[in-house]
Amino acid sequence: AILEILEFPDPRLRTKAKPVTDFGDELQQQIDSMFETMYAAPGIGLAATQVNIHKQFFVIDVSDDKSEPLVFINPQIVEKRGVEEMEEGCLSFPGVYAKVQRANEIVVKALDRHGKPFEMDTGELLAVCIQHENDHIEGKLFVDYLSPLKRNRIRKMLEKQQNNNSKHL
Ligand SMILES: O=C(O)C[C@@H](Cc1ccccc1)C(=O)SCC(=O)c1ccccc1
Ligand SMILES: [Zn+2]
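Below you will find a few notes about this structure. For clarity, every value in this text was computed on a predicted model and none was experimentally measured. (Residues numbered from 1 in each chain as written. Chains lettered and ligands numbered in written order. Predicted model: local features only at pLDDT ≥ 70, side-chain atom pairs only at ≥ 80, totals over all residues. Heavy atoms only, no water.)

**Notes on the site of ligand 1**
Stated precisely, the cut-off is as follows: When at least one non-hydrogen atom of a residue lies within 4 Å of a molecule or strand, that residue is treated as near it. The definition of a polar contact used here is a pair of N or O atoms within 3.5 Å, where within protein one atom must be able to donate a hydrogen and the other to accept one, and adjacent residues in sequence count solely through side-chain atom pairs. To measure how exposed things are, a 1.4 Å probe is used in the Shrake-Rupley method; for residues, cover is taken only from the protein chains shown. Helix numbering and strand numbering both begin at the N terminus, where a helix is a DSSP run of H or I of at least 4 residues and a strand a DSSP run of E of at least 2. Asp, Glu, Lys and Arg are counted as charged, while Ala, Val, Leu, Ile, Met, Phe, Trp, Tyr, Cys and Pro are counted as nonpolar; the rest, among them Gly, fall into the polar class.
Lining the immediate surroundings of ligand 1 are 14 residues, of which Ile 44, Gly 45, Gln 50, Leu 91 and Glu 133 lie closest. Residue Gln 50 places a side-chain N or O atom 3.0 Å away from an oxygen atom belonging to ligand 1. Note that an oxygen atom of ligand 1 is positioned 2.8 Å from one of the backbone N or O atoms of Leu 91. Burial of ligand 1 by the protein chains amounts to 78% of its free accessible area of 530 Å². In terms of residue count, helix 2 (residues 124-137) provides more of the shell around ligand 1 than any other element does, 4 residues in total. Split by residue class, the shell around ligand 1 holds 6 nonpolar, 6 polar and 2 charged.

Encoded structure:
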């Protein structure tokens, strides 16, 4: 199913997700719906928090032909190296793009969709995306790296957009 993506400044985006313990059907269906929702947006990542599911997992596919779907459950970034700045988007901030500095190489440990542990050492776009999604499940948003002035401008712009949308409904 296509799920509704929460939009800033929705306070539920600030929720700290809980670790996943049950890998049964409900989780499997949630994972499939998150891929469907991500591809439809379109996006290259989607965290459970963004669709109001407060469990520690996210999905990513940075390929341009939907050929590399990745699931990270109970992820831990165990190493960060270097710094790189990248223009990021966020599906919870439609139309907003901002430059964010993040580590440009990371080692991440997580469980796959069947609960099997894996480790990944990666860089560039995938590393940036993993850090962006990992922030989401901790209730952190990419605007938190910007100045309060910029963050407030973005909040005002999105609130105006949301008011307009609700008028047309
Ligand atoms: O809100 C999200 O987590 C999704 C976000 C992930 C992300 C993008 C760029 C840098 C870091 C993290 C997005 O996918 S925004 C949309 C986007 O970047 C994109 C959409 C279509 C094709 C390529 C990129
Ligand atoms: Zn995001």
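**Focus on the state of the cysteines**
Stated formally: Any two cysteine sulfur atoms within 2.5 Å of one another count as a disulfide.
Applying the stated criterion across every chain, the model contains 0 disulfides. Unpaired in terms of disulfides, Cys 129 finds its nearest cysteine sulfur in Cys 90, a separation of 10 Å.

**Some points on the coordination of the zinc ion (ligand 2)**
Cut-off, in case you're wondering: Each metal site lists N, O and S donors within 2.8 Å (3.2 Å for Na, K and Ca). With water left out of the atoms, a site can look as if it is missing ligands. Under the scheme applied here, a residue whose accessible area is under 20% of the maximum for its type counts as buried, over 50% as exposed, and between as partly exposed, the area being computed with a 1.4 Å probe on protein chains only.
Distances from the zinc ion (ligand 2) to its protein donors, Cys 90 (SG), His 132 (NE2) and His 136 (NE2), fall within 2.1 to 2.3 Å. The class for His 132 is buried, based on a relative accessible area of 8%.

**Some points on the environment of Val 71**
We count it as follows: Between two residues, a contact is recorded if the distance between any of their heavy atoms is within 4.5 Å.
Within the element layout of this structure, Val 71 appears in strand 3 (residues 70-81). With 40 residues separating them in the primary sequence, Val 71 and Leu 111 have C-alpha atoms 8.0 Å apart. In this view, Val 71 contacts Ile 31, Phe 35, Phe 58, Val 59, Leu 111, Asp 112, Arg 113 and Phe 118; residues no more than four positions away in its chain are not counted.

**A closer look at the pattern of salt bridges**
As a reminder of what qualifies: Basic side-chain nitrogens of Lys or Arg form a salt bridge, by our definition, when they fall within 4 Å of a carboxyl oxygen of Asp or Glu.
What the rule picks out here adds up to 10 salt bridges. Arg 81 is the partner of Asp 121 in a salt bridge, and the nearest nitrogen-oxygen pair spans 3.5 Å. With a gap of 40 residues between them, Asp 121 in strand 7 (residues 117-123) and Arg 81 in strand 3 connect regions that are remote in the sequence. With relative accessibility at 32%, the residue Arg 81 sits in the partly exposed group. Ionic pairing is found between Glu 159 and Arg 155, a salt bridge with its closest N-O pair at 3.8 Å. Of this pair, Glu 159 and Arg 155 both sit in helix 3 (residues 148-168), 4 residues apart, roughly one helical turn.

**Section: the environment of Leu 169**
If you trace the backbone, Leu 169 turns up in the segment after helix 3. Residue class for Leu 169 comes out exposed when judged on its relative accessible area of 88%. Sequence separation between Leu 169 and Pro 75 is 94 residues, and the spatial gap between their C-alpha atoms is 39 Å.

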